[in-house]
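Listed below are the residues making up each chain.
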Amino acid sequence: EAGVTQFPSHSVIEKGQTVTLRCDPISGHDNLYWYRRVMGKEIKFLLHFVKESKQDESGMPNNRFLAERTGGTYSTLKVQPAELEDSGVYFCASSRSGMNTEAFFGQGTRLTVV
Amino acid sequence: QQPVQSPQAVILREGEDAVINCSSSKALYSVHWYRQKHGEAPVFLMILLKGGEQKGHEKISASFNEKKQQSSLYLTASQLSYSGTYFCGTEGLGGTSYGKLTFGQGTILTVHP
């Protein structure tokens, strides 16, 4: 069974540019989560999809961040325009439907805004 | 609020034991434990539910004290492969988003030969 896959693994962009991160969850997993870890700090929740619907986007920092999940499969997280404080590691996780299920994490995308 | 993990870092020799604690200021439904090695994905270790305890691995176990909103991860007879950063993720009671985890700041565990 393939795990959660994230692309790219690293991205370096200039302030003001746009970046799109992609997450391919484990096949059949309805739940998809985005998290972010800024250097030296804790992993913070960004948002939660159930299939193609946004269940909770309370962690999205501002309207420069846009997440989509096409057809309930892969998800993208776009940052436009990127700011210096957006730098960090962005993790995606997926889990089966239902409660108390373990979430499988991807290896993360390290975003550096210069 | 973010749960607090202690200690922040632990250094062990192979075969020694360690305990990592996770404390929350709010009522919890569940606690999830993960281990992350540098540059890799966080790996699920176990989940502890309100009203119960679940063991995920032989030499790694955990407890959940609901009254104190605390969880502890126990690593016995540590191996070199145990090295990494350990995170607890808590899920609060109520809310609209199940599975949404609030993570502690992590505990760096280093095991030496």
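Whatever comes next refers back to the structure up there.
As the structure is a computational prediction, the values presented were derived from the model and not from experiment. (Residues numbered from 1 in each chain as written. Chains lettered and ligands numbered in written order. Predicted model: local features only at pLDDT ≥ 70, side-chain atom pairs only at ≥ 80, totals over all residues. Heavy atoms only, no water.)

### Remarks on the pattern of salt bridges
Thought 1: Applying the stated rule across the entire model yields seven salt bridges over all chains.
Thought 2: Between A:Lys15 and A:Glu83 there is a salt bridge, with its nearest N and O atoms 4.0 Å apart. Placement of the pair is A:Lys15 in the loop between β2 (10–13) and β3 (19–24) and A:Glu83 in the loop between β8 (75–79) and β9 (88–95), with a sequence separation of 68 residues.
Thought 3: For A:Lys15, a relative accessible area of 52% translates into the label exposed.
Thought 4: Here A:Asp56 makes a salt bridge to B:Lys100, at a shortest N to O gap of 3.4 Å. Residue A:Asp56 is found in strand β6 (residues 53–56), and its partner B:Lys100 is found in the loop between β8 (84–92) and β9 (102–103); the two belong to separate chains.
Thought 5: By relative accessible area, which is 9% here, A:Asp56 ends up buried.
Thought 6: Note on B:Lys100: relative accessible area 26%, which makes it partly exposed.
Thought 7: Through salt bridges with shared partners, one network takes in A:Arg64, A:Glu85 and A:Asp86. (Salt bridge = Lys/Arg side-chain N within 4 Å of Asp/Glu carboxyl O. Helix = DSSP H or I, 4+ residues; strand = E, 2+ residues; numbered from the N terminus. Buried < 20%, exposed > 50% of the residue type's maximum accessible area, 1.4 Å probe, protein only.)

### A look at the sheet that holds strand β7 (residues 65–69) of chain A
Residues and elements named next belong to chain A.
Thought 1: Across the sheet, which stays open at both edges, the four strands sit in the order β1-β3-β8-β7 with antiparallel pairing between neighbours. Looking along the sheet, the strands with just one partner apiece sit at the ends: β1 (5–7) and β7. Direction aside, neighbouring strands of the sheet carry axes that sit 15° apart on average.
Thought 2: In this structure, β1 lies alongside β3, joined through three bridges in antiparallel fashion. Its bridge partner lying in β3, Phe-7 is registered against Arg-22. (Pairing = 2+ DSSP bridges. Axes fitted to C-alpha atoms, helices over the stretch in contact; angles between N-to-C directions.)

### Some remarks on the packing of aromatic side chains
Thought 1: Under the counting rule described, the total for this entry stands at 11 aromatic pairs over all chains.
Thought 2: Ring centres of A:Tyr33 and A:Tyr35 lie 6.4 Å apart, and the angle between their planes is 35°; this geometry places the pair in the tilted category. Take A:Tyr33 and A:Tyr35: they sit in the same class, and that class is buried.
Thought 3: The interplanar angle of 75° and the centroid separation of 5.9 Å between the aromatic rings of A:Tyr35 and A:Phe45 together place this pair among those described as edge-to-face. Highlighted residues: A:Tyr35 in strand β4 (residues 31–37) and A:Phe45 in strand β5 (residues 43–50), separated in sequence by 10 residues. The pair formed by A:Tyr35 and A:Phe45 is uniform in burial state, with each residue classed as buried.
Thought 4: Chaining the aromatic ring pairs together yields one cluster made of A:Tyr33, A:Tyr35, A:Phe45, A:Phe91, A:Phe105, B:Tyr34, B:Phe44, B:Phe87 and B:Phe103.
Thought 5: The ring of A:Tyr74 has A:Arg22 lying over it, and the distance from NZ or CZ to the ring centre is 3.8 Å. (Phe/Tyr/Trp six-rings, centres within 6.5 Å; stacked < 30°, edge-to-face > 60°. Lys NZ or Arg CZ within 6 Å of the ring centre and 35° of its normal.)

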